[in-house]
Amino acid sequence: MSLHLLVPPVRGVQETSLVRGQYEYWHYVCDGVDDRGWGCGYRTLQTVISWIVNNKKGSSEEPVPSIAEIQDILVRMEDKPGGFSGSREWIGSVEVALVLDQLFDVPGPQLQCLSEPLQGNAEDDL
């Protein structure tokens, strides 16, 4: 269900921004996995993936991966060690970007910033 379709107008607010397109809202325990306290990154990723699947041409038949499948993707990519699969370890925005790139060729550029002054043209990339 696209929850943004159920949001009523808010009085006194001059501008409201909503998601365009259909998507499924993935939340804790929605698929029987008790991920309370550690699953927010996975559920956010699943919600984003559902938007891509429902709105990108040629993707509508692709299922949204489970938490276990997301963990396996990260292990296969060698971002996480083998013991990560089946764990209750959380993921963050870096892992979300890696999975989106792996599944849908949607790159999430990453720039490593050191505590030292930036070298070369790295400042321009920020």
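The structure this text deals with has already been given above.
Residues numbered from 1 in each chain as written. Predicted model: local features only at pLDDT ≥ 70, side-chain atom pairs only at ≥ 80, totals over all residues. Heavy atoms only, no water.

Caption draft 1: Fine view of the packing of helix α1 (residues 40-55) against helix α3 (residues 93-104). Two elements in contact, α1 and α3, have axes whose closest approach is 10 Å; the angle formed by their N-to-C orientations is 30°. If you check the angle between α1 and α3, you find them roughly parallel. For the pair α1 and α3, the sense of crossing is right-handed. Side by side, α1 and α3 meet where Gly41, Leu45, Val48, Ile49, Ile52 and Val53 of the first sit next to Val96, Val99, Leu100, Leu103 and Phe104 of the second. By residue class, the composition of the contact of α1 with α3 is 10 nonpolar, 1 polar and no charged. (Axes fitted to C-alpha atoms, helices over the stretch in contact; angles between N-to-C directions. Helix = DSSP H or I, 4+ residues; strand = E, 2+ residues; numbered from the N terminus. Parallel < 35°, antiparallel > 145°, perpendicular 65-115°, else oblique. Left-handed = near helix turned anticlockwise from the far one by under 90°. Contact = heavy atoms within 4.5 Å. Nonpolar A, V, L, I, M, F, W, Y, C, P; charged D, E, K, R; others polar.)

Caption draft 2: Highlighting the side chain of serine 50. Structurally, serine 50 can be placed in helix α1. Using a relative accessible area of 0% as the deciding quantity, one classes serine 50 as buried. Reaching out from serine 50, the side chain makes a polar contact with the backbone oxygen of threonine 47 at a distance of 2.8 Å. In contact with serine 50, not counting residues within four places along its chain, are Gln22, Tyr23, Glu24, Trp26 and Val64. (Buried < 20%, exposed > 50% of the residue type's maximum accessible area, 1.4 Å probe, protein only. Polar contact = N/O pair within 3.5 Å; in protein donor to acceptor, adjacent residues only side chain to side chain.)

Caption draft 3: Spotlight on the pattern of salt bridges. Following the criterion strictly, the structure yields 5 salt bridges and no others. The shortest N-O distance in the salt bridge between arginine 43 and aspartate 35 comes to 2.6 Å. Among the ionic pairs, lysine 80 bridges to aspartate 79, the shortest N-O distance being 3.9 Å. On the accessibility criterion, lysine 80 (19% relative accessible area) is buried. Residue aspartate 79 is classed as partly exposed on the basis of its relative accessible area of 32%. Through salt bridges with shared partners, a single network forms among Asp31, Asp35 and Arg43. (Salt bridge = Lys/Arg side-chain N within 4 Å of Asp/Glu carboxyl O.)

Caption draft 4: Region of the structure containing the packing of aromatic side chains. In the structure shown here, the tally under the stated rule is 1 aromatic pair. Both rings, one in tryptophan 38 and one in tyrosine 42, keep their centres 5.8 Å apart while their planes meet at 80°; by these two values the pair is edge-to-face. One Lys or Arg, lysine 80, reaches over the ring of phenylalanine 84 and ends 5.5 Å from the middle of that ring. (Phe/Tyr/Trp six-rings, centres within 6.5 Å; stacked < 30°, edge-to-face > 60°. Lys NZ or Arg CZ within 6 Å of the ring centre and 35° of its normal.)

Caption draft 5: Layout of the nonpolar core. In this structure, Tyr42, Leu45, Ile49, Ile70, Ile91, Val99 and Leu100 are the most contacted members of the largest nonpolar core, which totals 18 residues. Elements with a contribution of two residues or more to this core: α1, α2 (67-76) and α3. With 5 residues, α1 is the largest single contributor of residues to this core. Setting aside its immediate chain neighbours within four residues, valine 99 contacts Leu45, Ile49, Ile70, Ile73 and Leu74. (Core = buried A, V, L, I, M, F, W, Y, C linked by side-chain atoms within 4.5 Å.)

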